[in-house]
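Close look at the chain arrangement
If you want the building blocks of each chain, they are given just below.
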Amino acid sequence: MITVFVLYLVLVVGIAVWSALKAKTHEDYVIGGKKISGVSLALSERATGESAWLILGLTGYAFTNGLSAIWVALGCVIGIVFIWLVMANPLRIATEKTGAMTIPSLLGRRFPGTEKPVGIISALIVVFFFVFYIAAQFSGAGKVFHDTFGLTLFWGMVIGAGIVTLYTVLGGFITVVATDVFQAVLMIFTLIVMPILLLVILASHNISLAQKLSEAGPQMTSLTGGATGAAAVLLILNGLSWALGYTGQPQLLARMMALRNAKDSNTAQWVATLWTIIAYAGAILIGIAGYSLIKGGVAGVDAAKVATDSEQIMPALVVGLMQPVLAGILLSGAVSAMMSTASSELIVCSSSISEDLYSNVSKNPMKGSKMLLLNKLLTLGVGVLAILLVIFMKSDTIYSLVSYAWAGIGSSFGPALLLLLFWKRFSRAGLYASLICGTVGAIVWKTLLMEPTGISERLGSFVFAFLMAIIASLVWPEKK
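Residues numbered from 1 in each chain as written. Predicted model: local features only at pLDDT ≥ 70, side-chain atom pairs only at ≥ 80, totals over all residues. Heavy atoms only, no water.

**Things to note about the overall build of the protein**
Of the regular secondary structure elements, the protein holds 21 helices and zero strands. The globule rule puts the C-alpha radius of gyration for 480 residues at 23 Å, and the 22 Å found for the protein is close to it. Here the C-alpha coordinates of the protein stretch approximately 70 × 55 × 45 Å along the principal axes. For the protein, buried positions account for 59% of its 480 residues. Pairs at least 24 apart in sequence give 85% of the contacts found in the protein among residues at least 6 apart. Only carbon and sulfur atoms are counted for the fraction: they give 71% of the accessible area of the protein, which is about 17,900 Å². (Helix = DSSP H or I, 4+ residues; strand = E, 2+ residues; numbered from the N terminus. Rg over C-alpha atoms; globule rule 2.2 N^0.38 Å. Buried < 20%, exposed > 50% of the residue type's maximum accessible area, 1.4 Å probe, protein only. Contact = heavy atoms within 4.5 Å. Areas by Shrake-Rupley, 256 points an atom, 1.4 Å probe, with all protein chains shown as cover.)

**A look at unusual backbone geometry**
If you check the backbone angles, Asn 206 has positive phi at about 55 degrees while not being a glycine. As for its placement among the helices and strands, Asn 206 is situated in the loop between helix H8 (153–204) and helix H9 (209–216). Look at Asn 206 and you get exposed, because its relative accessible area is 74%.

**Digging into the environment of Lys 446**
Tracing the backbone through its elements, the reader meets Lys 446 in helix H20 (residues 428–453). Expressed as a C-alpha distance, the spacing of Lys 446 and Tyr 404, which sit 42 residues apart in the sequence, is 7.3 Å. Beyond its immediate chain neighbours, meaning those up to four positions away, Lys 446 contacts Ser 400, Tyr 404 and Glu 457.

**A few points about empty space enclosed by the protein**
A complete count under the given rule lists three cavities of 30 Å³ or more for this structure. Estimates place the volume of the largest cavity at around 110 Å³. Lining the largest cavity are 14 residues, with Met 101, Thr 102, Ala 254, Val 348 and Ser 351 sitting closest to its centre. The leading source of residues in the lining of the largest cavity is helix H17 (residues 324–361), at five residues. Looking at side-chain class alone, the lining of the largest cavity contains nine nonpolar, three polar and two charged residues. (1 Å grid on protein atoms, 1.4 Å probe; cavity = no way out; pocket = protein on both sides within 12 Å on 5 of 7 lines; lining within 4 Å. Points joined across faces, edges and corners; volume = space filled by probe spheres on them. Nonpolar A, V, L, I, M, F, W, Y, C, P; charged D, E, K, R; others polar.)

**Brief notes about a nonpolar patch on the surface**
On the surface, Val 463, Phe 464, Leu 467, Met 468, Ile 471, Leu 474, Val 475 and Trp 476 cluster together into a nonpolar patch covering about 740 Å² of accessible area. Take Leu 467: it is sitting in helix H21 (residues 457–475). With relative accessibility at 47%, the residue Leu 467 sits in the partly exposed group. (Patch = residues over 30% accessible without salt bridge, like charges linked within 9 Å, V, L, I, M, F, W, Y side chains within 5 Å. Salt bridge = Lys/Arg side-chain N within 4 Å of Asp/Glu carboxyl O.)

And the structure:
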């Protein structure tokens, strides 16, 4: 198992070194220089979008909550399909017209004169929330290395973070997409093969999945987790609210900005949609099959460890039940989810600092090779910062860390992008309202309002920012 896993890591670094030779300019490093196919961009977007949250967070959530986890999965599928079918082509066209290389610069160039303030505000938002997001991926790597190889969580995080940061620094966007394609294939292999094997193991032990869920009661068998009335409605809405955040995630939308033409866009839509449906079905099934196996008393799974942290269910099942070579491949798929997402977020953070913050603040911004070097140093710095953050936030689950970052980024940029692409009356006042209200709304909702209202920060902050962006646009319209 260790041999297979080490070979996987060596292969990832090899792909990164090979692809890094193509990243010759600053534009290549930030957005790929229009050199990447639609299929590769779709697989990269999916590998980026489905992080440790899918492999560890959602499987653990399904393990704890049963069938009600379906609403979270459905919300994500709706969000992914929406951005590919509705937003991808308009984003590609807007990118070609403006020459923008990041989402913040695209927003700023829509309203001449706002490039500097919008760039600065956007960069601060991206860095603040993405550090939490990257920290969640490094936390996931720590859990897998800890559960599989007996390393401490600290050293597991350091090894995972070190490899990701290294290959991201090497070649930027091109390297990230190249490694993402390989990792997307590994991830989907894991999410197809592992549920099938778990069902076979259940059958071989004469354990009925349906019976074990029924024995647990409505909490596991009900689509609302046993809740009724308003509580059931909130549970469904909170799950579906994951869809909203997809409309404003720079690390995903950058793939659409990098599309070469409409043909590539159409191909990418089908690849991303099919991958997503299979992946989410697999993750839910791993969680509930794992619950049935543990309740059925199948030997080999460390039930005590899973009872302490439900997000350990996937690696615990792999280590306890799978043949070593296959276990190495499946665990490589799990780590792929973390690495692909973390690498993309590192690129978004560094490019946002260089493109949207530094270039707008500096009187004599760097160009050419110096700008390329700055991006690499920024990527390294963000990686180190994320490691430090996760060390001091051990109590937070991957699910909660990602939910918070998802809410902040999605609520800030999502309303602005939707209105910019599809509403002619959207104004610069509405843009500022979206960015500021989305950020403040996510922080305030998470801290003060989520528990008393029962409404997730993902839903509350997005609706608030969207309404404020519309109101501000109507009150302070653009001058004709």
